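Examination of the molecular architecture
Residues per chain, in single letters:
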Amino acid sequence: MAEAVIVSAVRSPIGRAYKGSLRELRADDLATQIVQAALDAVPELDPHTIDDLLMGCAQPAGEQGYNIGRIVAMQLGLDDVPGTTVNRYCSSSLQSARMAFHAIKAGEGDVFIAAGVEAVSRFGAGKADGGDGTQNPRFEAATERTRTQAENADHVWTDPRGADELPDIYIAMGDTAENVATFRGVSRRAQDEWAVRSQQRAEAAAARGFWERDITPVRLPDGTEVCADDGPRKGVTLESVSALQPVFRPHGTVTAANCCPLNDGAAALVVMSEVRAAELGLTPLARIVATGVSALSPEIMGLGPVQAVQRALDNAGLAIRDIDLLEINEAFAAQVLPSIDDIGIDPERVNVNGGAIALGHPFGMTGARIATTAIHALQERDEQFAVETMCVAGGQGMAMILERLS
C-alpha cells in the first residue's frame, strides 16, 4: 500500500480579524498566494499533474463560497486540476489532508494539494453569508436550555438532557468551554497560566527565528507584504491576564486572554505518494502515519481530542509514549488542560512554540497550519513523531500523526 508524504508545507501570517493585517484580503486571493507558495517549493512538480485541490473552509459562503477550492485552482491557471471545498469546522484543512492521505492509500491518485483558509474579517462580504435564521427549529429547546444554564452561576455540566431531548448542536463555543471548565474543575488560574505559557513560548520562538521558518509572507492589495503573525504579545504576565473579566458567562472563567481570538489566514500542504516523490527526486518532509476522528456531546466539544488521538494511535500501532510532540489547537485553555491530562502526555511536550491562544485560529486554516508548525518543530528539535489534534464545533475531535523524514 502506498505511503503518503508531505513534500511542501507553508502557511501565511495570521491576522487579527476585522482590525488586523490581512483584513483587506479576500479568502480566495489569500489562499491562491499560499497554494502558489507551496507549489513554488516543489519546482520539480508539474502542477498540471495534481489529482485534486482540497480546500478546507469552515464558513464556505459569501466570498468564501462558490467552491473556493476550484476557484483557487482557476486563479492559479490550473483549468485541468479539480478542486473541492471541505468543511469540518476547526479541522477542515486537517480533513483535506486526511482525504489526500486516503486517496493515495487507495491508489486513486499521486499528488494532492491539502489546504485551508479562513478570512473572518470578510464574513458577510458578498452574497449568501450564512447569517441568522438558518438553524433547525428542532434544536430550539436545547438552545434555550443552554441559555438558562449559562445564567446559573452554580451550574456544573452533567449532561442534563432527558432521553428524548436533543443536544444543543448550535451552542456557542464559549459556552462549551465554560461547560468543560465546570465539568472537569479547570480553575480560572490554571487557564490563565496556560494562556501566559502560550504567549511566552510564542515570544521565545520568535526570538530564535522559528516563525521565520514557519511563515510565508503574503502581499496585500496595496503591494505591501505581511511577514509576521498579529497575535503574539510581548511581556504577557499572569497579573495582566488575571485582571480581565469573563466574556461568555457573568460568573465564568473564560476570558479574552485564555481563548483564541478571531483570525484570518491560509496554509497549504503538497501531499504525494512516496513513489511519485522518489520519481521526482524529492526528499519528503514527513509521512502521514495515521488519522483519527471522534464524536461526543456538542456541549463539551472541547474534549474531542482525547478519543481522536487514541484512535489515531491505535490506527498507527503506536502509544502516546512514542510521540515526541503534541500540537493541540488552543481553542480554549479550559479544554486544552483536561485533554492533555486524558491523553496522558507530558505537558512539556505540548505546543512547544505556543499555540492558538497566542498565534490565532483561522478555522479553515488551522489543520494545515498546525501540520506545518509540527513539521518545523520536529526538524528544529531533531525528533521523529508528532500528533496534531483539535476539538471541533458540533462535538467532534480529530487527530493526525506525522513522522519527520528530513
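For the structure, check the block above.
In this text the structure is predicted, and so the values were computed from the model without any measurement.

Between the first and last C-alpha of helix H6 (residues 188–207) there are 29 Å, a value that for 20 residues agrees with the 28 Å anticipated at 1.5 Å per step. Burial in H6 covers these residues: Arg188, Gln191, Asp192, Trp194, Ala195, Val196, Arg197, Ser198, Gln199, Arg201, Ala202 and Ala205.

Once that is clear, we can look at the pairing of strand E4 (residues 83–86). In the sheet, strand E3 (residues 52–56) pairs with E4 via 4 bridges, with the strands oriented parallel. In the strand pairing of E4, Met55 is matched with Thr85. Note that the unit made of E3, helix H2 (residues 68–75) and E4 has a crossover that is right-handed.

Time to look at the side chain of Glu3. By the secondary structure assignment, Glu3 is in the segment before strand E1 (4–11). At a separation of 3.3 Å, a polar atom in the side chain of Glu3 contacts the side chain of Arg287. Residues contacting Glu3, with those up to four places away along its chain left out, are Ile104, Lys105, Met272, Ser273, Glu274, Arg287 and Ile288.

It is worth spelling out unusual backbone geometry at this point. Residue Asn67 is not a glycine yet carries a positive backbone phi of 60°. Classification of Asn67 as partly exposed rests on a relative accessible area of 31%. Unlike most non-glycine residues, Asp382 shows phi in positive territory, near 55°. Mapping Asp382 onto the fold places it in the loop between helix H13 (366–381) and strand E11 (385–392). A relative accessible area of 59% means that Asp382 is categorised as exposed.

Attention now goes to the packing of helix H1 (residues 27–40) against H2. Between H1 and H2, whose axes approach to 9 Å, the crossing angle comes to 60°. Comparing their axes, H2 and H1 come out oblique. In the packing of H1 onto H2, the handedness of the crossing is right-handed. Counted together, Ala27, Asp28, Asp29, Ala31, Thr32 and Val35 of H1 and Ile68, Ile71, Val72 and Gln75 of H2 form the full contact between these two elements. Split by residue class, the contact of H1 with H2 holds 6 nonpolar, 2 polar and 2 charged.

Within the largest apolar cluster, 42 residues are counted, with the highest numbers of intra-cluster contacts made by Ile6, Leu269, Val271 and Leu402. By size, the runner-up hydrophobic cluster in this structure holds 39 residues, among which are Val5, Ala38, Leu53 and Met272.

Let us look at the pattern of salt bridges. Charged atoms that come close allow side chains of opposite charge to pair. Within this structure, the stated rule accounts for 23 salt bridges. Put simply, Glu403 and Arg287 hold a salt bridge, and the shortest N to O gap is 2.8 Å. Here Glu403, found in strand E12 (residues 396–404), pairs with Arg287, found in strand E9 (residues 286–295); they are 116 residues apart in sequence, far enough to count as distant. Through salt bridges with shared partners, a single network forms among Glu3, Lys105, Arg287 and Glu403.

The first and last C-alpha atoms of helix H3 (residues 92–105) sit 20 Å apart over 14 residues, in line with the 20 Å expected at 1.5 Å per residue. Most of H3 sits out of view: 11 of its 14 residues are buried. Three or more residues of H3 are buried, namely Ser92, Ser93, Leu94, Gln95, Ser96, Ala97, Arg98, Ala100, Phe101, Ala103 and Ile104. After H3 finishes, the residue Gly107 shows a positive phi value of roughly 75°.

Analysis parameters
What you see as residue numbers is a count from 1 along each chain, following the sequence as written. Under the rules for a predicted model, residues below a pLDDT of 70 receive no local features and side-chain atom pairs below 80 are neither given nor counted, while totals for whole chains, interfaces and linings still include all residues. For side-chain calculations, the full set of non-hydrogen atoms in the structure is used, while hydrogens and water are omitted. Labels follow the DSSP assignment, with helices taken as runs of H or I lasting at least four residues and strands as runs of E lasting at least two, numbered in each case from the N terminus. To estimate how far a helix should extend, the number of its residues minus one is multiplied by 1.5 Å. Three exposure classes are used, based on accessible area relative to the maximum for each residue type with a 1.4 Å probe and protein chains only: buried under 20%, partly exposed in between, and exposed over 50%. Any two strands with at least two DSSP bridges between them are considered paired. We call a crossover right-handed when, viewed with both strands directed away from the observer, the connection leading from the first strand over the helix to the second proceeds clockwise. Side-chain atoms alone can form a polar contact between residues adjacent in sequence; in general such a contact is a pair of N or O atoms within 3.5 Å, and within protein one must be able to donate a hydrogen while the other accepts it. Contact definition: two residues touch when any of their heavy atoms are within 4.5 Å. Here, axes are lines fitted to C-alpha atoms. For helices the fit covers the stretch in contact, and angles between N-to-C directions go from 0 to 180 degrees. Should an angle lie under 35 degrees it is considered roughly parallel, over 145 roughly antiparallel, and from 65 to 115 roughly perpendicular; all remaining angles are considered oblique. Take the far helix as your reference; a near helix turned counterclockwise from it by less than a right angle gives a left-handed crossing, and one turned clockwise gives a right-handed crossing. Amino acids are sorted into nonpolar (Ala, Val, Leu, Ile, Met, Phe, Trp, Tyr, Cys and Pro), charged (Asp, Glu, Lys and Arg) and polar (every other residue, Gly among them). Residues belong to one nonpolar core when they are buried, are Ala, Val, Leu, Ile, Met, Phe, Trp, Tyr or Cys, and are joined through side-chain atoms within 4.5 Å. Here, a salt bridge means any Lys or Arg side-chain nitrogen found within 4 Å of an Asp or Glu carboxyl oxygen.

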